[in-house]
Structure formats: structure tokens, C-alpha cells
Amino acid sequence: MRRRHLLGSLLLTPVLTACFASGGSGGSEGGDPGGDADGSRLRVALAFPPAENLSPYGADATLLSRLGVTEGLTALDANGTAAPALAESWRRENDRTWLFTLREATFQDGSEVTPAAVAAALTHATEAKPAPAALSGVTLTAKAQGAAVRITTTNPDPVLPLRLSSPSLAVLSPKAYQDGADPVGTATGPFELTKVNGSTSAALDRFDDYWGGRAQASGIDARFVADGTARANAVRTGQVDIAEAIPVAQAATLDRATLEETATTRTTSLQLNTRSGPFKDPRLRAAAREAVDSSAVVKGVFEGYADPGAGIYGPAVTWAEGKRVPPAGRATAAKPNGTAVTLATYDNRPELPEVAQVLQQQLQKAGFKVSLEVREYSRLESEALDGKFDAFIGARNSLVDTGDPVGVLASDYTCDGGYNLARLCDKKADRAVAEADAVADTGERQDAAMRAEAAILGTDAVVPLAHQGIIVGVATDVRGVLLDPYERTLVGTGTRR
């Protein structure tokens, strides 16, 4: 099995270090005073078309952060620690209140990033429906305080600086909120979104007044290409400079010099609808879990670019394995006896339809009758969240929302979770997540998160299948691509060709 560089332990206390900026293609982050004054435009192919009109509050938030459009008060560094972004420092005043001191920065519409503007942006995020995943189970208020922003939470939140690094809590100018939350020309990142052509493409220009230094590329021409083979072909034929999520089946067909691989905290899982349909019965969920052979998925589909599913957190979260707690209280499996189920997934990640076919065979062998539904993610998400399918296969980065291991548990597996594909509402699981969320100490919080993971896995609402690496196609003349294990960044000020 192919092994990859693993992440260090996640740290939960704020350390004022540089933001995550791993130069995946040998470049460096930051402007180049001696470089081309105009710079070349970058051609980028992204796997996921906008699903929510590029709203920063949902799945599209990471599209904006990967393209260098949006930022929040904080960012994540390579160790998963909260690092400065629009806030240059912060301190905890008491168990419910934090004070964030802002740096001098300018919005892309020319207005100043002020405490009042930041407070208003965060207030809009708290009022969004549905709530951003990073705010699952959290109520906060933000107010201007001199040159700073004071943020107060209803309950103690020891990882608030991590939470504020979420792409869904990006800060936009007051102009953005005149009608929803429009990121076109209103964000703070090194690249300004100037035009969006539906779900097909977008144009971005360099934002010359970016506080972090002038970007080396003059702009970005982004294409949304859901088909993985098409993305790989675009790299092969020189049509794009960067293409994310190259399918493992296509990796061998590309020049090795154009492939960049990194470990991620992404897990592919089978989510079972616990609220309606056949899998409302925990005994049938147990039967489905027993039918699944994740090693066959890793070997047959991911071709070694993944590890077998061990839990919600995989080996890229290096502290998890030594703290893992065995699930308890699982139901005894019932015989399916031809129970009909609908299994859905999306084709933006081309491995997932293949995973679905493998699971279809495994479940049918166990006695289920399985029909498949495969669509583009943007045409599937709302129905999946509404429980239209009995089972759903998705690939989820467990630390993308907040960088906090408890965050994904709250958003995905609690009664009030905003991304609860399994539609789980279990008192024991909710209690375990709430207990973990109340712990401030790093090691103790990790221990509590693993107990909560065990409570969730004990319901058989989710069956982890594979922990993935990602492959990015990068033209040989491109430097400074940001290979981020949290999959929040892709291009930055040092990305160039």
C-alpha cells in the first residue's frame, strides 16, 4: 500500500505563526518583487461547480478559499493550529469572550476592513439558513471594540479561533450583504472574483491591495469540470495549469512530473438514513455494516491511494489511532431478506461511482436489493440532506469546517447538525459530542472526541470506507501550488507560471 506523509498532531491553542502555505510545486508564498510585473493568468480546473450560487455559507465556501478569494479572522497552519489572517492577534478574556485585534486590510471594493464591518459579517453568518457547519451547535455575537472585535459565545467555546478559520465564516464587505452574501468584488483575498458564468466558469483578477502582498499571477481563469477524466485530459493537453482531484484511474496516464500527491483528512463513508426507510431499523444498519469490506474498496477502487476505513478520523490525523475507542451497544444484524434500498452518490469524485458499484455487489450478496442513483453533487445535495435516499456515499474532509475534531461530529451526526446526511438523532451520541465540545485541554479534547466517535459508530449510521489522499495535476512550469491536507487552499500569492 502506498504510504503518504502524515499530519502532525492537531493543536488547539492559538499560536501566532504563519498561515498554512505548503509550496506543493516548489514555489514560495508571497510576492516576487523581481518577477514579471504583470504575471501570467492561471488556468485552474475545479471538480465541483457552484451548488449554491457561490454563497460563503455552504459547500461553495471552499471553492472561494481555494481560489484565494475569501478569508476569515484566522486560518489553519500546517499543524492544524489557529494562525493569523484578518486578525493579527487574539486573547481570551473569559470562558465565553474573546477579543480579536484586526490588521490593516482593505476589501476588494476599496472599503476598509473595520471592526464594525467584521462584526456585521459574522452576524450575517449567524443568521444564515441553514447555519454554516462551523457554527453547528454554537451561538455567538460579535461587536466592534475599538480596533478589535469582541466575540461572545452563549456557552464556553475553547476552540473559537479554530472555528473562525472556517471558509464558511469568511469576512465580506458591507456591500456584499445588500442581497444575500455576494462575494463578487467584496472579499479580502489576493484574487478578486469579477465574473461568474453559472456553473461553468469564473474569472478572477489580482487584488493589488491585498494585505499579504501582491500575487505573482495576474488573475485566474477557473473552470468547473465535474468529469475527472476531462480534468486529467486538460492537464495532459496543456489546457489548464492546475487541476484538482485527479482520479486515481487517470494518474498512471499522466506524466509523473505533473502529479502532486498529499495526505488529507478526507474520509469516504457510507451514510445510512436513520430517520426513514429501511435503515431506520438499526438491525438492518448493522447488516449493511457487516456486509461492507472496506479493504476491497481500497484495493479495487483507490489503487493504494487510500487506507481502509478505521473511523471518522483516519491515519492523517496522527493522534487518533492511539486514542480510538471501540464502538459499543451495536444492534444485532437482521437478515435483509431482499430489502430494497436506494444507494446514491455523486460523480464529481470519479472514484465514488466505482465505490457505489462495489458496495452494491457487497450489499446484494448480503441479501439487500440495491438500486444506484449517481448524479453531479450540486443536483444531489439537497435531496440527500432531505433524506430522499436510503444510503449515501460521500467523501468528507473531517477537519475542513473548523480544524477541530469535534466540529465534524457536531455538524454531521447530531440532532441539530447542518450536514447530517445520516439524519442521525441519538441522545447518547449528542451527549458525547456535547461533552467533547466542552473540553479545552488539547489531549483531553482528543480523548473525548474519540469517545464521541465511538458513540456515533455504535449507531451504525455511518460506515467508514476509506481514508484518502488527493492527487493534483500541475503543469511543470507552475510553482507555488498550495497542497493543503484540509483542502481549503489551492492557489495563493506565490502561485505562478
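Residues numbered from 1 in each chain as written. Predicted model: local features only at pLDDT ≥ 70, side-chain atom pairs only at ≥ 80, totals over all residues. Heavy atoms only, no water.

S.K.: Outline the packing of aromatic side chains, supporting the account with residue identities and numerical values.
M.R.: By the definition in use, this model includes eight aromatic pairs. With centroids separated by 5.9 Å and ring planes inclined at 45 degrees, the aromatic side chains of Y313 and W319 adopt a geometry described as tilted. As far as the burial class goes, Y313 and W319 line up, both buried. Cluster of aromatic residues (ring-pair linked, three or more members): F48, Y346, Y377 and F392. (Phe/Tyr/Trp six-rings, centres within 6.5 Å; stacked < 30°, edge-to-face > 60°. Buried < 20%, exposed > 50% of the residue type's maximum accessible area, 1.4 Å probe, protein only.)

S.K.: Outline the nonpolar core, supporting the account with residue identities and numerical values.
M.R.: In this structure, L73, I151 and L270 are the most contacted members of the largest nonpolar core, which totals 133 residues. With residues up to four places along the chain from it excluded, the contact list for L73 reads P84, A85, L86, A87, F100, L102, V118, L122, I151 and L164. (Core = buried A, V, L, I, M, F, W, Y, C linked by side-chain atoms within 4.5 Å. Contact = heavy atoms within 4.5 Å.)

S.K.: Got a sec to walk through the environment of R92? Specific residues and values, please.
M.R.: Among the secondary structure elements, R92 is positioned in strand β4 (residues 87–94). Taking C-alpha positions, R92 is 28 Å from T318, a pair spaced 226 residues apart along the chain. Those residues in contact with R92, other than ones at most four positions away along the chain, are T97, W98, P156, D157 and P158. From its side chain, R92 meets the backbone oxygen of N94 in a polar contact 3.2 Å long. Within the local environment of R92, its side chain forms a polar contact with the backbone oxygen of D95, the two atoms lying 2.8 Å apart. (Helix = DSSP H or I, 4+ residues; strand = E, 2+ residues; numbered from the N terminus. Polar contact = N/O pair within 3.5 Å; in protein donor to acceptor, adjacent residues only side chain to side chain.)

S.K.: Just give me the short version of unusual backbone geometry, but keep the residues and values in it.
M.R.: The peptide bond linking K129 to P130 adopts the cis configuration, its omega dihedral lying at -5 degrees. Along the chain, P130 turns up in the loop between α2 (115–127) and β6 (140–145). Its identity is not glycine, yet D460 carries a phi of approximately 60 degrees, on the positive side. Structurally, D460 can be placed in the loop between α13 (442–457) and β17 (462–474). At E487, a position not held by glycine, the phi torsion is positive, near 60 degrees. For E487, a relative accessible area of 6% translates into the label buried.

S.K.: I'd like a description of the packing of helix α12 (residues 427–437) against α13, backed by residues and values.
M.R.: Following both chains from N to C, one finds α12 and α13 inclined at 170 degrees, their axes separated by 8 Å at the closest point. What the angle tells us is that α12 and α13 run roughly antiparallel. Where α12 approaches α13, its residues K428, A429, A432, V433, A436 and D437 are matched on the opposing element by R445, A448, A449, A452, A455 and I456. Residue composition of the contact of α12 with α13, by class: nine nonpolar, no polar and three charged. (Axes fitted to C-alpha atoms, helices over the stretch in contact; angles between N-to-C directions. Parallel < 35°, antiparallel > 145°, perpendicular 65-115°, else oblique. Nonpolar A, V, L, I, M, F, W, Y, C, P; charged D, E, K, R; others polar.)

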